[in-house]
Amino acid sequence: MIKFFLMVNKQGQTRLSKYYEHVEINKRTLLETEVIKSCLSRSNEQCSFIEYKDFKLIYRQYAALFIVVGVNDTENEMAIYEFIHNFVEVLDDYFSRVGLHVLQLLLIEQPLPAASRLAARAGTVSAK
Amino acid sequence: MPAVSKGDGMRGLAVFISDIRNCKSKEAEIKRINKELANIRSKFKGDKALDGYSKKKYVCKLLFIFLLGHDIDFGHMEAVNLLSSNKYTEKQIGYLFISVLVNSNSELIRLINNAIKNDLASRNPTFMCLALHCIANVGSREMGEAFAADIPRILVAGDSMDSVKQSAALCLLRLYKASPDLVPMGEWTARVVHLLNDQHMGVVTAAVSLITCLCKKNPDDFKTCVSLAVSRLSRIVSSASTDLQDYTYYFVPAPWLSVKLLRLLQCYPPPEDAAVKGRLVECLETVLNKAQEPPKSKKVQHSNAKNAILFETISLIIHYDSEPNLLVRACNQLGQFLQHRETNLRYLALESMCTLASSEFSHEAVKTHIDTVINALKTERDVSVRQRAADLLYAMCDRSNAKQIVSEMLRYLETADYAIREEIVLKVAILAEKYAVDYSWYVDTILNLIRIAGDYVSEEVWYRVLQIVTNRDDVQGYAAKTVFEALQAPACHENMVKVGGYILGEFGNLIAGDPRSSPPVQFSLLHSKFHLCSVATRALLLSTYIKFINLFPETKATIQGVLRAGSQLRNADVELQQRAVEYLTLSSVASTDVLATVLEEMPPFPERESSILAKLKRKKGPGAGSALDDSRRDPSSHDINGGVEPTPSTVSTPSPSADLLGLRAAPPPAAPPAPSGAGNLLVDVFSDSPAAQPGLGPSPEEAFLSELEPPAPESPMALLADPAPAADAGPEDIGPPIPEADELLNKFVCRNNGVLFENQLLQIGVKSEFRQNLGRMYLFYGNKTSVQFQNFSPTVVHPGDLQTHILSLAVQTKRVASQVDGGAQVQQVLNIECLRDFLTPPLLSVRFRYGGAPQSLTLKLPVTINKFFQPTEMAAQDFFQRWKQLSLPQQEAQKIFKANHPMDAEVTKAKLLGFGSALLDNVDPNPENFVGAGIIQTKALQVGCLLRLEPNAQAQMYRLTLRTSKEPVSRHLCELLAQQF
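Residues numbered from 1 in each chain as written. Chains lettered and ligands numbered in written order. Predicted model: local features only at pLDDT ≥ 70, side-chain atom pairs only at ≥ 80, totals over all residues. Heavy atoms only, no water.

We now examine the overall build of chain B. When its secondary structure is counted, chain B shows 43 helices and 16 strands. Taking all 981 residues of chain B together, the buried fraction comes to 55%. Taking contacts inside chain B between residues at least 6 apart in sequence as the whole, the part at least 24 apart equals 69%. When the accessible surface of chain B is summed, it comes to about 41400 Å², and 52% of that surface belongs to carbon and sulfur atoms. (Helix = DSSP H or I, 4+ residues; strand = E, 2+ residues; numbered from the N terminus. Buried < 20%, exposed > 50% of the residue type's maximum accessible area, 1.4 Å probe, protein only. Contact = heavy atoms within 4.5 Å. Areas by Shrake-Rupley, 256 points an atom, 1.4 Å probe, with all protein chains shown as cover.)

Right, here's the structure in full:
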């Protein structure tokens, strides 16, 4: 099950965060800092899965942007790993002509309901 | 495309955003924002009514300002107004604002809910979706209360559009997760299951997510989803790579949906319906076959999606753990991945294989990859992969490969990452102990462990090696020699000094004959380390010295000199000072005889579960320990380290072959009386009583002893001796056993270990052993959910006794923690004593709260009279003589019955042996027949039993005859055994 979804840049700033379980705001900052630190410290040779506390982190890097998904241990790592890519492709398809600021608005608007994931290309997005 | 992408739609917004971006300083940005806020405020307050477009624009700006991190304290009303607009873009921005900024502001909530209600009822699918998304995004309890009842209706309504159904399913899922109590179950549940058949794959995907979550709580309500999921899966798996159009991802049909379906199936046991099961097995085989086919695309996305399905398929196969063929195929497939160039795949393969190793069907197949895994441990550049490799080695270890694996892990330890050293140390210690055949190897291994990673060797580990050396006299000489050699190293770890000090103090005499390790040499070697050690170690060494005085009188003068030295007698540390003073006095005052008595060798430690194991369990949580407990894994180890040995030996003293892990341990003796001379150091140091002396700092021995002493049972309730029920364990509270209790019990008549019970929430595993009239049973309660169980309380009663008021079984239980975390496992130990023969098994009642709802369950504990069987070998002549002696009609019980299982002689033999009797060859003139003999051991009496089983292969029938000296026992045994064939 997906617990949280983060988009973070290389400077360690969170660009987008979405939590599917209640986490207090001040704890989020701490969690994000630690999560980012552990992702940034890894090399290309290392695998994309990190055990972090009770979660497993699954991350992918796109240029300067990291997408990190926190899941519990019953989740299929490979499915999430590829889901991240699918998500990026959907964004790319859908917003290629849109400036970043609007993208940012939209990212928050899209419900990304917990554990739903984008079912397939353009799947949930076309719900709108 | 949503309207916002029409850039000219909100020019003002675009200008504002680019202004902000062009700001050179923080101050400039704040200035610009304040200007804009003033502007918006004046517009909202102005007399002129704003049109929808302007409202939308200003609300958007406010939102943007909020996202930049500024507080927004107005504009909510305007946003709420937008909700009732009929224009999509205006409504959308309204919802957006609400979703991001809403709080439980009471007046607004009412208005918002009203708007949502209107949209849900609007029959305009776009508006309905917006409303549903808003509910899901906010997900608050208030919203749940307002809408939880409406959403199921929308979800299953025949006329809802696909997109609405999809959103409704996800919205409901969100609400259910936030507050499960608000979502009413009802007739809609059955219809939700049928969404799995929906034409629209988006609806199916959303429905699977919803069902997977709901069925965990009410598995029976959603049982029908299994066959629907199987047929959906089968259609996806067998579809061509382009059939599913939008839902095909790089030539893989609906990968995420497949994964979800496979996961849903893991909430249930294998389908009972043969047709469904056949179809499912076919699916699983297809997935495995596809993994071998050449890829349809070179793109990595293709293979990733395919592998995601493959890994989920393998988890399902492991979950079922019933198809040997599939398990072995899964293992081979993972074996290929072990050498894949993708690190991710290697990681996942190692992880999956770890669970495969615990299945009896695939354990051997996993073992064939040992070299690859060892290589991974050595060469992987990623610590997380190495960690998985170490886990897998641990899981695949058994008697046949223990030496190799332990030596590889030791080698790895020298370079292992600091973060995982302690865990590796524990694992090595456990494997060495569990699979030790010769104990010199064990001692070597542990000493190596201390040498290589002394800092990470916890007290449990070195306590354990001392326990074992103390209890096994065949290894003491070797241990003394080895520690002596190890101490020669110029720099050795303090833990080594502790072990060395203790062992030489006890067994130094065994190597004193060699002039190279004569007593003075031993002493000076130890004393050379003394000054570099911590207080605790020095205290331990002082005890060693006083023991030396007893062992080697020739060292007395030297040691007294040391004790008398100012640095000891006036040591600032009160513990050291006291030891020095008292030892010195003891050595000068006491006669040799008194010394010899006081300083006698330590008595053997009571056998019990390895403290290391307990530590690993604590450290790793469940899972890690459970692989160990899983006795299925390693049938071959039973002969020494886990099984019940037929040789009678007294239970109170550990026999030389006593199992290291203490599995065959006798029930803990009553706690020793508290020592009278409190404050007496000698009691403290030398008595084998664990009582800590309050006046003294904890000396190592004290810690040591209290560690080793079996804890007095926390609730030494001879449950059955006292018909007045304990407060929380009243037998009248215990419900009747579940209907399948008898069936579950029957599974355990001929075996001692396995899974007693399993449902969606809870798994109860049993591991037990019996010797003579005593038994010890470990119950493992596993929480299969991710939610904590509360008020968890298992209790045991024996109804048979309550009826007759005669105590026939004494069961001692220990309380377990009342909370069981999600995914965690707790263990309960039961000590059982059979006082006299009994017919009904005790009942185990488990009660707990899960998600607020009380759950209770009563099972029959697998303790049947035959567990107390002791096999007896006898010659044909004796057998027939005794058979004749038991010729009274009531002493015999006979049953003729049809075979329920294939009639296989080997299986029958195994069952009879499992039943507990000895099998006697060459007794019955007909070699097809089976003859057995044994004695049932109870405290009050022994019951001799003879049995004869005559299979008739043609008629598929058996005749079973039992003769015992006690009538009810004959009948009872006959019934128990007849059900096994």
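Before going further, it helps to spend a moment on the pattern of salt bridges. Scanning the entire structure with this criterion turns up 48 salt bridges over all chains. Here B:Asp398 ties to B:Lys367 by a salt bridge, and the two come within 2.9 Å at their closest N and O atoms. Note that B:Asp398 is positioned in the loop between helix H21 (383-396) and helix H22 (402-415) and B:Lys367 in helix H19 (residues 363-367), a separation of 31 residues in sequence. Residue class for B:Asp398 comes out buried when judged on its relative accessible area of 3%. Overall, the relative accessible area of 13% leaves B:Lys367 in the buried class. The partner of B:Glu408 in a salt bridge is B:Lys378, with the nearest N and O atoms 3.6 Å apart. You can see B:Glu408 sitting in helix H22 and its partner B:Lys378 sitting in helix H20 (residues 370-379), a full 30 residues away along the chain. Owing to a relative accessible area of 51%, B:Lys378 belongs among the exposed residues under this scheme. One salt-bridge network, held together by shared partners, links A:Glu51, B:Arg388, B:Asp391, B:Glu423 and B:Lys427. (Salt bridge = Lys/Arg side-chain N within 4 Å of Asp/Glu carboxyl O.)

This part is about the sheet that holds strand S5 (residues 774-783) of chain B. Residue and element names in this part refer to chain B. Strand order across the open sheet formed by five strands is S3-S4-S5-S8-S7, with antiparallel pairing between neighbours. The open sheet terminates on both sides in strands that have one partner only, identified here as strand S3 (753-758) and strand S7 (809-813). Within the sheet, the average angular offset between the axes of one strand and its neighbour, ignoring direction, is 25°. Note that S5 and strand S8 (residues 825-834) share nine bridges and pair antiparallel. The partner of Phe780 across the bridge, within S8, is Gln827. (Pairing = 2+ DSSP bridges. Axes fitted to C-alpha atoms, helices over the stretch in contact; angles between N-to-C directions.)

Moving on, we get to the packing of aromatic side chains. Residue and element names in this part refer to chain B. What the rule picks out here adds up to 32 aromatic pairs over all chains. Summarising the aromatic geometry, the rings of Phe44 and Phe74 are spaced 6.2 Å apart at their centres and angled 75° between planes, so their arrangement reads as edge-to-face. Here the residue Phe44 occupies a position in helix H2 (residues 26-45), and Phe74 occupies one in the loop between helix H3 (52-67) and helix H4 (76-83), the gap between them amounting to 30 residues. No difference in accessibility class separates Phe44 from Phe74, as the two residues are buried. Arranged with centres 5.9 Å apart and planes meeting at 90°, the rings of Phe789 and Tyr850 form a pair that is edge-to-face. Linking Phe789 in strand S6 (residues 789-797) with Tyr850 in strand S9 (residues 843-850), this pair joins segments that are 61 residues apart in sequence. Taken individually, Phe789 and Tyr850 each receive the classification buried, so the pair is uniform in this respect. (Phe/Tyr/Trp six-rings, centres within 6.5 Å; stacked < 30°, edge-to-face > 60°.)

Residues and elements named next belong to chain B. The backbone of Asp321 shows a phi angle near 45°, a positive value even though the residue is not glycine. Taking the relative accessible area as the measure of exposure, Asp321 reaches 16% and is therefore buried. Although it is not a glycine, Gln956 adopts a positive phi angle of roughly 55°. Mapped onto the secondary structure, Gln956 falls in the loop between strand S15 (942-952) and strand S16 (957-964).

Residues and elements named next belong to chain A. Taken across its eight residues, strand S1 (residues 2-9) has eight buried, putting it largely inside the fold. The pairing of S1 with strand S5 (residues 65-71) spans seven bridges and is antiparallel. From the neighbouring strand, Phe4 faces S5, where its bridge partner is Gly70. Between the antiparallel neighbours S1 and strand S2 (residues 14-19) lie four residues, among them Gly12 with a positive phi of about 90°.

On to the sheet that holds strand S4 (residues 55-62) of chain A, then. The antiparallel open sheet is built from five strands, whose spatial order is S2-S1-S5-S4-S3 (chain A). At either margin of the open sheet sits one strand with a lone partner, and together these are S2 and strand S3 (49-52) of chain A. Across the sheet, the mean angle from the axis of one strand to that of its neighbour is 20°, orientation sign disregarded. Strands S3 and S4 of chain A of the sheet are contacted by helix H18 (residues 343-356) of chain B, whose axis makes an angle of about 50° with S3(A).

Along the chain, B:Asn344 turns up in helix H18. Non-local contacts of B:Asn344, meaning those with residues more than four positions away in its chain, are made with A:Cys47, A:Ser48, A:Phe49, A:Met78 and A:Tyr81.

Any two packed helices are characterised by the angle at which their axes cross and by the distance between the axes. Residues and elements named next belong to chain B. With their axes 8 Å apart at the nearest point, H20 and H21 run at an angle of 145° to one another. Regarding H20 and H21, the two cross each other, and that crossing is left-handed. In this structure, H20 uses Ile370, Val373, Ile374, Ala376 and Leu377 to contact H21, whose residues at the interface are Arg386, Ala389, Ala390, Leu392, Leu393 and Met396. Residue composition of the contact of H20 with H21, by class: 10 nonpolar, no polar and one charged. (Left-handed = near helix turned anticlockwise from the far one by under 90°. Nonpolar A, V, L, I, M, F, W, Y, C, P; charged D, E, K, R; others polar.)

Our focus in this paragraph is the nonpolar core. Residue and element names in this part refer to chain B. Counting 248 residues, the largest nonpolar core has Ile116, Leu196 and Leu449 as its most contacted members. Counting residues per element, this core draws most heavily on helix H12 (residues 201-217), which supplies 11 residues. In this structure, Ile764, Val796, Ala899 and Leu919 belong to the second largest nonpolar core, which totals 62 residues. (Core = buried A, V, L, I, M, F, W, Y, C linked by side-chain atoms within 4.5 Å.)

Next up on the list: the confidence of the model for chain B. Residues and elements named next belong to chain B. Summing up the model confidence of chain B, the mean pLDDT is 80 and the portion of residues at 70 or higher is 85%. Taken as a whole, residues 1-8 scores under 50 in pLDDT and shows eight contacts with residues more than four places along the chain or in a different chain. The ipTM for the predicted assembly is 0.81, set against a pTM of 0.62. (pLDDT = per-residue confidence, 0-100.)

Turning our eyes to something else, we now look at the packing of helix H1 (residues 11-22) of chain B against H2(B). Residues and elements named next belong to chain B. Contact geometry for H1 and H2: axes closest at 9 Å, N-to-C directions at 155°. Relative to H2, H1 is oriented roughly antiparallel. Crossing geometry of H1 relative to H2 is assigned as right-handed. Each of Phe16, Asp19 and Ile20 in H1 lies in contact with H2, whose residues at this interface are Glu29, Arg32, Ile33 and Glu36. Its residues placed into classes, the contact of H1 with H2 shows three nonpolar, no polar and four charged. (Parallel < 35°, antiparallel > 145°, perpendicular 65-115°, else oblique.)

A few words now on the state of the cysteines. All names here are of chain B. All chains considered together, the criterion is met by zero disulfides over all chains. Unpaired in terms of disulfides, Cys171 finds its nearest cysteine sulfur in Cys134, a separation of 9.1 Å. Taking relative accessible area as the criterion, Cys171 reaches 0% and is therefore assigned buried. (Disulfide = S-S within 2.5 Å.)

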